[in-house]
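# Topology and contacts: notes
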Amino acid sequence: QVQLMESGGGLAQPGGSLRLSCTASGDTFSGYSVGWFRQAPGKEREFVSARRWNGGNTYYADSVKGRFSIVKAGSNSAVYLQMNNLKPEDTAVYYCGVGRPITSTMSTSSAYYYWGQGTQVTVSA
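What counts and what doesn't
Residues numbered from 1 in each chain as written. Predicted model: local features only at pLDDT ≥ 70, side-chain atom pairs only at ≥ 80, totals over all residues. Heavy atoms only, no water. Salt bridge = Lys/Arg side-chain N within 4 Å of Asp/Glu carboxyl O. Helix = DSSP H or I, 4+ residues; strand = E, 2+ residues; numbered from the N terminus. Buried < 20%, exposed > 50% of the residue type's maximum accessible area, 1.4 Å probe, protein only. Pairing = 2+ DSSP bridges. Axes fitted to C-alpha atoms, helices over the stretch in contact; angles between N-to-C directions. Core = buried A, V, L, I, M, F, W, Y, C linked by side-chain atoms within 4.5 Å. Disulfide = S-S within 2.5 Å. Phe/Tyr/Trp six-rings, centres within 6.5 Å; stacked < 30°, edge-to-face > 60°. Lys NZ or Arg CZ within 6 Å of the ring centre and 35° of its normal.

## Examining the pattern of salt bridges
Taken as a whole, this structure holds 4 salt bridges when the rule is applied. For the salt bridge of Asp-90 with Arg-38, the shortest nitrogen-to-oxygen distance reads 2.9 Å. A residue pair is termed long-range when its members are at least 10 positions apart, and Asp-90 in the loop between strand S8 (78-83) and strand S9 (92-99) and Arg-38 in strand S4 (residues 33-39) qualify at 52 residues. Summarising the burial analysis for this pair, Asp-90 and Arg-38 share the class buried. Of the charged contacts, one joins Asp-90 and Arg-67 as a salt bridge, the two residues approaching to 2.8 Å between their closest N and O atoms.

Dropping the structure here:
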């Protein structure tokens, strides 16, 4: 079983940057895909980005493409979500998830079966 912990959230100004971390214990990310999802108040959880750990394929929601990057953090147990040019609409709780989705379900939260507790990101002037 994989335990996940997110960190790095906080308050940022519009146009600013934050880097979220997702760290695994109990297992590594090898053989899995890692996804980042977010949930704003009153809204459903939505896909942000994902990475196939072994193959290196990355996927992004249109709303974050060109601004966010999902990158390995130097080990098989940690991944970053680098968020640049932040916008107020990026405000949400961000969650990392681990699973073995096929390509067509990479952006589907039900394809991930381990989740962290989430970290709050607030973008405001």
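Still more ground to cover, so stick around.
## Topic: the sheet that holds strand S7 (residues 68-72)
If you walk across this open sheet you meet the 4 strands as S1-S3-S8-S7, and the pairing is antiparallel. In this open sheet, the two strands that pair with only one neighbour each are strand S1 (3-7) and S7. Taking the axes of each pair of neighbouring strands and ignoring which way they run, one obtains an average angle of 20° across the sheet. The pairing of S1 with strand S3 (residues 18-25) spans 5 bridges and is antiparallel. Bridge pairing in S3 places Ser-7 opposite Ser-21.

## A few points about the nonpolar core
Residues Phe-29, Trp-36, Leu-81, Met-83 and Tyr-94 are the most contacted members of the largest nonpolar core, which totals 35 residues. Elements represented by at least two residues in this core include exactly S3, S4, strand S5 (46-52), S7, S8, S9 and strand S11 (119-123).

## Digging into the state of the cysteines
Here a disulfide denotes one covalent bond, and it connects the sulfur atoms of two cysteines. The full count for this structure, using the stated rule, is 1 disulfide. Across a sulfur-sulfur distance of 2.0 Å, Cys-22 and Cys-96 are joined as a disulfide pair. Sign of the S-S torsion, about 65° for the bond between Cys-22 and Cys-96, identifies this disulfide as right-handed. With a gap of 74 residues between them, Cys-22 in strand S3 and Cys-96 in strand S9 connect regions that are remote in the sequence. Judged by relative accessible area, Cys-22 falls into the buried class, the value being 0%. On the basis of relative accessibility, which here comes to 0%, the residue Cys-96 falls in the buried class.

## A few points about the packing of aromatic side chains
Under the defined criterion, the tally for this structure stands at 6 aromatic pairs. Here Phe-37 and Phe-47 contribute two aromatic rings whose centre-to-centre distance is 5.5 Å and whose plane-to-plane angle is 70°, an arrangement assigned as edge-to-face. Placement of Phe-37 in strand S4 and of Phe-47 in strand S5 is noted, with a sequence separation of 10 residues between them. On the accessibility criterion, Phe-37 (1% relative accessible area) is buried. With a centroid separation of 5.2 Å and 70° between ring planes, the pair formed by Phe-37 and Tyr-112 is classed as edge-to-face. On the criterion of sequence distance, the pair formed by Phe-37 in strand S4 and Tyr-112 in strand S10 (residues 112-115) is long-range, its members being 75 residues apart. Among the residues examined, Tyr-112 registers a relative accessible area of 3% and is labelled buried. Here a set of aromatic residues connected by ring pairs shows up, and it is made of Phe-37, Phe-47, Tyr-112 and Trp-115. Its guanidinium or amino end placed over the ring of Tyr-80, Arg-19 lies 3.9 Å from that ring's centre, counting from NZ or CZ. Geometry around Tyr-95 places Arg-45 over its ring, the cationic atom sitting 3.8 Å from the centre.

Note that every value here comes from positions in space, so none of it alone points to a role or purpose.
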